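If you want the building blocks of each chain, they are given just below.
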Amino acid sequence: MQPFGPCVGPYGAATIPACDPHRAGHAGGVQVIDPQDIADELIVAERERKAIGQFSEQDPDFDLDTAYRAQQAFVQSKLDAGERLVGYKLGLTSRNKQVAMGVDSPLYGRVTSGMICGYGEPVQLDRFIHPRVESEIAFLLARDVEPPATVISVLAATDVIFGAVDILDSRYEGFKFALTDVVADNASAGGFYLGPIARRPDEVADLRLIGCVVRVSGDVVMTAASAAVMGHPAASVAWLANQLAAEGEGLKAGQLVFSGGVTAPVPVETGGSVTFEFDGLGSIEVAGV
Ligand code: 0L1
Ligand code: MG
């Protein structure tokens, strides 16, 4: 089952709820940092494939609330161009990434229709600045996930899961950013692949134990189990559902959630290929052209 079939292309415009980028960034009526200005720079960086410096280094008032509003504005530009919101991605879900960033919770970004790549299609490297790929478990929801969400309620609301690949493409120079920068940059979202096999959660003995083997040009470079994602990939989806509910949004039936990196990101290069073999969920080959 591949509900978001071959690559890209507009599916009709949409609007992100509560997107009012000019509401934040004002202190006592004086504007200190404008989320729309941040979004505009990110839009240009992505369009021209030219990495930029970190906002957090330029402005000490750049906070998480402003960063999420900038993300909304960044993503809204894609919706205004005709893309459709298909779901969300989680980031910083592994202990390793959280320690590296000095944080103790994940973050989220939004996934639009133009980011979905067709299974088996090579990755067009000239669409990106410096892409890296990592394995994930994706959840396709059959029902809304109501707060307070738990691993159990997420699994009950899930139609099927897939092995998946997240193409990360930071719009910042050298992939260097603070938490606020990467939130504004839509969690480095670049593109996504879904694997060839969909399984209902009750068809999988234990989601935490789904293994992934990563090969670069045939050689095994990494192995991991899905428990790397917050102990259970459904735990990160539950975190997201609760976070969105607190912000007046919600996880809805039909949405797709990329639950966070199982393995660490690896660069994808012209002529190279990275293959992800998931236990029971098939393989995804990402060939760079
Ligand atoms: O998918 C992710 O983990 C994104 C958040 C961290 C940003 C990155 O590694 O580019
Ligand atoms: Mg990821």
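Look up a bit, the structure's there.
Residues numbered from 1 in each chain as written. Chains lettered and ligands numbered in written order. Predicted model: local features only at pLDDT ≥ 70, side-chain atom pairs only at ≥ 80, totals over all residues. Heavy atoms only, no water.

Caption draft 1: How the structure looks around unusual backbone geometry. Of note, the amide linkage connecting proline 147 to proline 148 takes the cis form, showing an omega dihedral of -5°. Among the structural elements, proline 148 can be located in the loop between β5 (132–141) and α4 (151–157). Even without being glycine, arginine 49 reaches a positive phi, approximately 55°. The exposure class assigned to arginine 49 is partly exposed, which follows from its relative accessible area of 40%. (Helix = DSSP H or I, 4+ residues; strand = E, 2+ residues; numbered from the N terminus. Buried < 20%, exposed > 50% of the residue type's maximum accessible area, 1.4 Å probe, protein only.)

Caption draft 2: Representation of the packing of aromatic side chains within the structure. Summed over the entire model, instances satisfying the criterion amount to six aromatic pairs. Ring centres 6.3 Å apart and planes at 55° place the aromatic pair tyrosine 172 and phenylalanine 177 in the tilted group. The pair formed by tyrosine 172 and phenylalanine 177 is uniform in burial state, with each residue classed as buried. Linked through ring pairs, Phe55, Phe62, Tyr172 and Phe177 together constitute an aromatic cluster. Directly above the ring of phenylalanine 175 sits arginine 132, whose terminal nitrogen or CZ lies 3.8 Å from the centroid. (Phe/Tyr/Trp six-rings, centres within 6.5 Å; stacked < 30°, edge-to-face > 60°. Lys NZ or Arg CZ within 6 Å of the ring centre and 35° of its normal.)

Caption draft 3: Examining the layout of surface pockets more closely. Of the volumes computed, that of the largest pocket is approximately 460 Å³. Lining the largest pocket are 26 residues, and of these Leu92, Lys97, Glu134, Leu168 and Pro265 sit closest to its centre. Elements supplying a minimum of two residues to the lining of the largest pocket: β3 (85–91), α3 (95–101), β5 and β6 (158–168). A total of four residues in the lining of the largest pocket trace back to one element, the largest contributor, which is α3. Considering only residue class, the lining of the largest pocket consists of 14 nonpolar, seven polar and five charged. (1 Å grid on protein atoms, 1.4 Å probe; cavity = no way out; pocket = protein on both sides within 12 Å on 5 of 7 lines; lining within 4 Å. Points joined across faces, edges and corners; volume = space filled by probe spheres on them. Nonpolar A, V, L, I, M, F, W, Y, C, P; charged D, E, K, R; others polar.)

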